[in-house]
Amino acid sequence: MPSLTLNGVTVNFPFSPYECQKTYMSRVIEYLQKKVNGVLESPTGTGKTLCLLCATLAWRENFKDTISARKIAERLHKEEMFPNTPLSSWGNAATDGDKPAYYTDVPKIIYASRTHSQLAQVISELKNTSYSPKVCVLGSREQLCINQEVMRQESNHVKVHMCRGKVSTRSCVYYNNVEEKSTDKVLVNSILDVEDLVKFGNKQRVCPYYLSRSLKQQADVIFMPYNYLLDPKSRRAHNIELSGAVVIFDEAHNVEKTCEESTSFDLTPYDVASAISTVDRLLVEQAKEVGLRDCANEDFNVESVSSGLKLDIATIAKVKQILLDLEAAIDSYDVPSDKGITKPGIFIYELLGRAHLTYSSKTAVYEALEQISGHLAGQPGIFFNTSGLQKLSDIIQLVFCGEPSEKDRQHQMETNTAHFKVHIHRDTSIHRKKQSADVWASSSSKKQGNILSYWCFSPGFSMQELKNQEVRCIILTSGTLSPLSSFTSEMRIDFPVRLENSHVIERDQIFVSIIGQGPDGKHLSSAFDRRFVPENMASLGNTVANLSRVVPHGLLVFFPSFPLMEKTLEFWRANGHSDRIENKKPIFVEPKGKGTFNEVIDGYYSKVNDPATKGGAFFAVCRGKASEGLDFADTFGRGVIITGLPFPPKMDPRVILKMQFLDEMSRKKAPGLKYLSGHEWYRQQAFRAVNQAIGRVIRHKEDYGAIFLCDQRFKYDDARAQLPSWVRSYVRLYDSFGNVVRDVSQFFRTAQKLRPVVEKKAPAETCRTVCSPDTQSSSSTSCYSSHSSPTQKAKVLDAHLPSLKRRRLNENNGAKGMVNICIEYESEVQENQRRPTNLLDALERGNHCTGEDSDVAMGEEKANRLSTLSLQYDKRTEDELRGGKRKIKLVQDQMKKPSVSEDVSEEGKASRAKKFLADMKKSLSQVSFDRIVQALQTYKKTDDLDLLLTETAILSEDTNTHSLLRGFYQFVRPHHKKRFDEKCQELTGQGCGFKPDHSLSKDQKKTVMLQSVADRGAAVGLNSLPTCSQLNKGGQQRTQQGAGEHQAGPAPKNEVHTTFLTDVKKALGAEKSAQLFQAIHSYKKTDDYEKLVTTAVSLFTERDEDFNLLVRFGVFIRPCHKKQYKEMLDALIGQPVSAPDVPAVTEEQQRQSEASPLKSQSKISSFFSSSQRR
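What this report covers is the structure whose coordinates are included nearby. Since the model is a prediction, treat every value here as computed from it, not as a measurement.

## Looking at the overall build of the protein chain
Then, number 1: On a plain count of helices and strands, the protein chain comes out with 54 helices and 20 strands.
Then, number 2: Per-residue burial for the protein chain yields a buried fraction of 52% across its 1174 residues.
Then, number 3: By sequence separation, contacts in the protein chain at least 24 residues apart represent 76% of the contacts at least 6 residues apart.
Then, number 4: Accessible surface, the protein chain: about 55300 Å² in total, of which carbon and sulfur atoms supply 51%.

Written out as structure tokens, the structure reads:
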């Protein structure tokens, strides 16, 4: 197992760590050594849990070594036992100045996550390491109790009190075995999660619940859900000792919410009424018992009324009176039906004081409530609802925390309630207190009651409580904590060191697009005034339907809320949008309740795995169960669509009060404290939910997927700044939907070739039976690769991409190869404008490019067979089809000429660059030269012009080096040249000679040149072009024959155009038809293929029945663009389009098209002239 040294600590890691993992572990060790709090964001898939475990446990072992070294040094009176290995090198974990003398001083690690299922994953990761600490997992009786009599009880409170009763009387056989089994060596030395602990308990007939509490005393690492730490009641119940401990919160994006909820409560009329009813029933029973015993024994002592209940009837009656007074106090406020009454937090003491609940009486009342609950829970065969009593007990513990003296009491109350508000509002729930004729009942019970809410609005309250327990440090980590500044300001404790880690993925693994408008051009927005507008819902439906065509396998669609999802789905079902989506991917909808969730998600997984389908679509909500801890790796989540920004409900009283509280705190401007404003918090909540949903798509290093942000508000800079740091650099803004379809189709074609996954197959079938004869090679390779080593995967990659043969992607340089591929992919828009004219051209380009194989291949099937041997066979076959090798030779000659000139040009540029660098080295010091060269290399990698300008600014200080600064113009990329020229003008008083055409890329320049050649050709006339005669060296016969065919052609073509025109007008209507014809006119003049296709796709994809028109529209596409158009259709429709729909372009047609663009223009012109005559 590899080991590495970080900050003086040796860490054993299961494999060679990535750079981002080393950075992460270094920060964790830094926090531990310096005893400071830390917050770390590391994207899902970067192995943060494994890093956290290994770094923490390595530091702990190093800490123990420090103690050992010091103890030995004391014994040897500071003499060295091993001369070559001084004791000082044995351990240096305690770099904070501590001098631990005992092994008991070694800190415990408390590892908290949101749920037990997440903790089970953490413990599974721990088993994969070389570390074997003593561990224990804390859980509730609900999860760990195996006594069937207790588990049969419906109420959790009854389970608790029944368990306590059995333990106190030692009537639970499982509990009685705890002491004996807790020292079992197998148990102590094993790493068990909750499920393992329950299995052990059943097998050994020992209570897992109390066993875990026993193991806690000697455990090195204690795992628990983080509400056990943050909720004061749970912390006391589990007796969690925090002094000196290292506290880790994993999946900490929910800590803020848990902190606030664990210290808040809502006391409903139903809670108070049920407590009164329960105490009343007890009073009646006790009164009867007293009466019976009074008759039998006049000397009866009321304190011994019942075995187990050490309360007299008077005390029970006082408890009931307190409950009645509390109910009356809460209901005494006349609350408006639409909103409640809000008071400062300290008002809670005044309100409870009216029910005689104060610091003086709190202990007696609390103990009485606990005794009553325990007694009622132990009654055999009788069910008492003790939930109301339990809630009141919890409230007393929460509100009256601390034991202040009389003079400090007011200060204690102000401190306790500084971050709280009291809110009294009407009860609109279905629970109503039943009418009672009891004379004890208050009059307020006969009307609708009020709810008493005591809400915490600062997670810092709970965090400060932990800090007061003298923990060593608190570490918060998650995949989605952005923006860190606002997150940490909410916590109210210092975080001196922070980390926003990068991802382990390459550029070609992620596609992020902001889609501001749908295929129909309507703006997409989930804003309150737009979300239910029919045209907005229709446009969103068209967007999801079209994306479901191009995203393979599993697609996740997240809505801001359940009501919005339900309303949108209702509209889609009524207007056919859901049918369009269902035709491609069956829809699964996240249910509101927990009961059926597992069934729905299992159905989705099954459908994605089904080889007979094209995957599935899972519709969920942000902040829902699917957006939190579920794993949608690989095919289960190839795409995530965010349909809007999930802002909290603005009219919710709790949201309103939270924003008011933050605004109040911001205005106070306490020294050393910075609060978010209410508006900042409101936006933060929306984006944190978005970021959590986005995190479902990339789950490990080899995963890939697409993210679609379908709300125009994502286009704003401040919105994009809220996205995770690993996503921001990949974001693309799109003004037209057609471009999204084109680019995402290209993205998935590239990704599927670079990272082939095992093909979906039925369980009974083998890989061989799934693969068709034509694709046997590629499919079997793909199936095999999922279980192969990195080297074997590299061989598979070579088979698919022969252009990568010369730099094989193996385990040593795979990452570099991926970067090169991804650089090529980023420039696909420019590359696509110049397609290869034949297979040999494709092969030649393959030696210089790294990712265009999907473009040069004739369809996906041929791309999969693109091995070296099949290339030779395909070339011979196509040679024969074209009539021999003579024409190919001519094309080769043609293609060689520009490539030679390009090579000469490149050589000239390289020599000029070398000379320039040599001159600069002579003029500068070595340090300055190295810094500038480093900046240039960084610019090449990151495209960060600001850094280059900063480092080269030194050249502006001396007039002798001004020319060197201007000389950097040659290294600046086209899109930065204008800005660099302006900067030079500003610094040196002289520009670099910028011209507008300098901002054009190579391909854009070529396009401009070709267009100008075409325009000159149009002016001179077709017959004046010599290209046809050069290509046709066979004489005039072929030219005349071709001319004759051209003359005979217009009649059938006009008929096709006329029919198409009629069908378009019928399907789209006059307005949209005119829009399409205008786009074709523009295409004729500008040759702007992208603009034409964008318009056509947006018009023809609104309805499924119009897709045939999109296919037929191929007759207007020029030969040089036909292959590109066919690939777009294949991706959009989901299957290869047959040859009659989009005629394949031959090599001869391609050459003729490039030589004479007037032919296509004349066809389009004839069509429009004929259509206008009609």
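## Side note on the pattern of salt bridges
Then, number 1: A full pass over the atoms with the stated rule returns 36 salt bridges.
Then, number 2: For Glu30, the salt bridge goes to Lys34, with nearest N and O atoms at 3.1 Å. Placement of both Glu30 and Lys34 in helix α1 (residues 19-34) is noted, with a separation of 4 residues, approximately one turn of the helix.
Then, number 3: Ionic pairing is found between Asp946 and Arg979, a salt bridge with its closest N-O pair at 2.2 Å.

## A word on the side chain of Ser42
Then, number 1: In this fold, Ser42 is placed in the loop between β3 (38-41) and α2 (48-75).
Then, number 2: The class of Ser42 is buried, set by a relative accessible area of 1%.
Then, number 3: Filtering out sequence-adjacent residues up to four positions away, Ser42 remains in contact with Tyr24, Lys48, Ser478, Gly479 and Asn501.

## Focus: the pairing of β3
Then, number 1: Neither face of β3 is left uncovered, since the one carrying Gly38 and Leu40 and the one carrying Val39 and Glu41 both have all their residues buried.
Then, number 2: Pairing of β3 with strand β12 (residues 473-478), which is carried by 4 bridges, proceeds in the parallel orientation. Directly across from Gly38, in β12, lies its bridge partner Ile475.

## A look at unusual backbone geometry
Then, number 1: Positive phi values are uncommon outside glycine, yet Lys35 reaches one of about 55 degrees.
Then, number 2: If you trace the backbone, Lys35 turns up in the loop between α1 and β3.
Then, number 3: One non-glycine residue, Glu251, adopts positive backbone phi at about 50 degrees.
Then, number 4: Along the chain, Glu251 falls in the loop between β7 (246-249) and α14 (255-262).

## What about the sheet that holds strand β11 (residues 450-456)?
Then, number 1: If you walk across this open sheet you meet the 4 strands as β8-β11-β10-β9, and the pairing is antiparallel. Taken across any chain shown, the strands that pair with only one partner, and hence form the sheet edges, are β8 (265-267) and β9 (341-344). Between one strand and the next, the sheet's axes are offset by a mean angle of 15 degrees, whatever the strand orientation.
Then, number 2: The pairing of β8 with β11 spans 3 bridges and is antiparallel. Note that in β11 the partner of Leu267 across the bridge is Leu452.
Then, number 3: Contacts between helix α19 (residues 387-399) and the sheet are confined to β8 and β11, with β8 contributing the most and set at about 135 degrees to the helix.

## Re helix α25 (residues 577-584)
Helical periodicity: at 3.6 residues per turn, an α-helix aligns residues three or four positions apart in one direction.
Then, number 1: Among the residues making up α25, those that are buried are His577, Ser578, Arg580, Ile581 and Lys584. One side of α25 carries all its buried residues, which in axial view fall inside an arc of 160 degrees.

## Quick look at the pairing of strand β17 (residues 616-621)
Sheet faces and side chains relate simply in a regular strand, where the side chains alternate between the two faces.
Then, number 1: Taken across its 6 residues, β17 has 6 buried, putting it largely inside the fold.
Then, number 2: Taking every second residue as pointing to the same face, both faces of β17 are buried, with Gly616, Phe618 and Ala620 on one and Ala617, Phe619 and Val621 on the other.
Then, number 3: Pairing analysis gives 6 bridges linking strand β15 (residues 554-559) to β17, with the strands arranged parallel. Pairing of Leu556 across the sheet is with Phe618, part of β17.

## So, the packing of helix α23 (residues 534-550) against helix α31 (residues 737-754)
Then, number 1: Direction vectors running N to C along α23 and α31 enclose 25 degrees, while the axes themselves pass 10 Å from each other. The orientation of α23 with respect to α31, classified from their angle, is roughly parallel. As for how α23 packs across α31, the hand of that crossing is right-handed. On α31, the residues that touch Thr543, Asn546, Leu547 and Val550 of α23 are Phe737, Val740, Val741, Val744, Ser745 and Phe748.
Then, number 2: Among the residues making up the contact of α23 with α31, the classes are represented as 7 nonpolar, 3 polar and no charged.

## Some words on the sheet that holds strand β18 (residues 639-642)
Backbone hydrogen bonds are what pair the strands of a sheet, in a parallel or an antiparallel way.
Then, number 1: Within the open sheet, the 7 strands sit side by side as β16-β17-β15-β18-β19-β14-β20. Their pairing is parallel. The sheet terminates laterally at β16 (587-589) and β20 (731-734), the two strands that pair on one side only. Adjacent strand axes in the sheet meet at a mean angle of 20 degrees, parallel and antiparallel pairs treated alike.
Then, number 2: Judged from the 4 bridges that link them, β18 and strand β19 (residues 705-709) form a sheet pairing that is parallel.

Procedures and definitions
- Residues numbered from 1 in each chain as written.
- Predicted model: local features only at pLDDT ≥ 70, side-chain atom pairs only at ≥ 80, totals over all residues.
- Heavy atoms only, no water.
- Helix = DSSP H or I, 4+ residues; strand = E, 2+ residues; numbered from the N terminus.
- Buried < 20%, exposed > 50% of the residue type's maximum accessible area, 1.4 Å probe, protein only.
- Contact = heavy atoms within 4.5 Å.
- Areas by Shrake-Rupley, 256 points an atom, 1.4 Å probe, with all protein chains shown as cover.
- Salt bridge = Lys/Arg side-chain N within 4 Å of Asp/Glu carboxyl O.
- Pairing = 2+ DSSP bridges.
- Axes fitted to C-alpha atoms, helices over the stretch in contact; angles between N-to-C directions.
- Arc of directions from axis to C-beta.
- Parallel < 35°, antiparallel > 145°, perpendicular 65-115°, else oblique.
- Left-handed = near helix turned anticlockwise from the far one by under 90°.
- Nonpolar A, V, L, I, M, F, W, Y, C, P; charged D, E, K, R; others polar.

Interpretation note: all reported values are geometric properties and have no functional meaning in isolation.
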